[in-house]
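# Coordinates in review
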Amino acid sequence: MNYEELRKDMVEYQLIRRGIKDRKVIEAFLKVPREEFVPEEMKKNAYEDGPLPIGEGQTISQPYIVALMTEALQLSGKEKVLEVGTGSGYQSAILAEIGCEVFSIERIPTLAERAKKTLEKLGYSVKIKVGDGTIGWEEFAPYDRIIVTAAGPRIPPSLIKQLSENGKLIMPVGDLFSQDLILITKKRGKIVEENLGGCQFVPLKGKEGWEE
Ligand code: SAH
């Protein structure tokens with residue numbers, strides 16, 4: 001399987017032709033080997049235009065959605081970023097490849113462990129912890145950017161608190177079946193909200209998410 005060829009096609013057809021423009025995002029997608037973030041038997045499907053199962057009932061998000069959310073964060077590459085929902089670690093790798101300092105929280109220990117191994121093997125330095133990301137990660141707050149990759153009923157107040165001034169947070173908000181991607185920016189303590197359209201994510205569980 002020529003993964004490099006598949007990766008280039010994915011970037012061209014799934015990202016660029018759908019409007020992804022940020023060079024930093026495109027370069028990162030050309031570099032990060034997505035096949036390393038899926039189970040062995042899924043490697044051949046790694047560059048398909050959709051989410052894929054990664055075990056424990058969870059999924060690695062569709063490449064386009066990862067790109068859309070990353071682009072919406074308007075990264076320079078110097079930001080400190082908090083991710084809620086490490087999953088496979090793919091989104092963390094994209095952020096680290098862009099240059100960000102990445103902190104990521106995952107509630108399922110086996111997934112956190114596997115993501116940690118994959119990221120280490122590829123040389124990405126990402127701080128991962130097992131826990132409930134809906135309460136954030138106080139120790140390293142504030143964050144310039146926060147990305148939540150599971151869908152909740154509302155944006156957890158702790159996350160808004162841990163966002164820095166001029167910071168941006170993106171998260172799918174809605175019910176268990178359909179959600180909207182919500183982007184918020186903190187400006188002089190106030191919250192400006194933007195709706196980027198419909199999406200479908202696995203549920204965010206925990207204190208400020210859905211019941212476990
Ligand atoms: N960003 C991931 C996508 C993972 S899917 C990737 O690139 O592969 C969403 C993940 O969020 C799942 O692994 C799920 O276990 C996790 N999750 C759900 N609720 C959570 C919570 N409260 N805190 C941390 N992780 C959570």
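Bear in mind that the values here come from a model prediction, so they are computed numbers and not experimental data. (Residues numbered from 1 in each chain as written. Predicted model: local features only at pLDDT ≥ 70, side-chain atom pairs only at ≥ 80, totals over all residues. Heavy atoms only, no water.)

Time to look at the sheet that holds strand β7 (residues 163-174). Spatially, the seven strands line up as an open sheet ordered β5-β4-β3-β6-β7-β8-β9, and their pairing is mixed. Single-partner strands in this sheet number two, and they are β5 (126-130) and β9 (190-199). Taken over all neighbouring pairs, the strand axes of this sheet differ in orientation by 15° on average, direction set aside. Pairing of strand β4 (residues 101-106) with β5 involves five bridges; the strand directions are parallel. Across the sheet, the residue bridging to Ser104 is Ile128, located in β5. Across the sheet, helix α3 (residues 63-72) lies against β6 (143-148), β7, β8 (179-187) and β9, angled at about 155° from β7, the strand it touches most. (Pairing = 2+ DSSP bridges. Helix = DSSP H or I, 4+ residues; strand = E, 2+ residues; numbered from the N terminus. Axes fitted to C-alpha atoms, helices over the stretch in contact; angles between N-to-C directions. Contact = heavy atoms within 4.5 Å.)

To continue, consider the pattern of salt bridges. Applying the stated criterion across every chain yields a total of 12 salt bridges. Taking the shortest distance from any N to any O, the salt bridge between Glu97 and Lys31 comes out at 3.7 Å. One end of the pair, Glu97, is in helix α4 (residues 90-98); the other, Lys31, is in helix α2 (residues 23-31), with 66 residues separating them in the sequence. The partner of Glu101 in a salt bridge is Lys127, with the nearest N and O atoms 3.9 Å apart. Of this pair, Glu101 sits in strand β4 while Lys127 sits in strand β5, and the two are 26 residues apart along the sequence. The class for Glu101 is partly exposed, based on a relative accessible area of 37%. A single network of salt bridges, built from pairs that share partners, joins Arg154, Lys207 and Glu208. (Salt bridge = Lys/Arg side-chain N within 4 Å of Asp/Glu carboxyl O. Buried < 20%, exposed > 50% of the residue type's maximum accessible area, 1.4 Å probe, protein only.)

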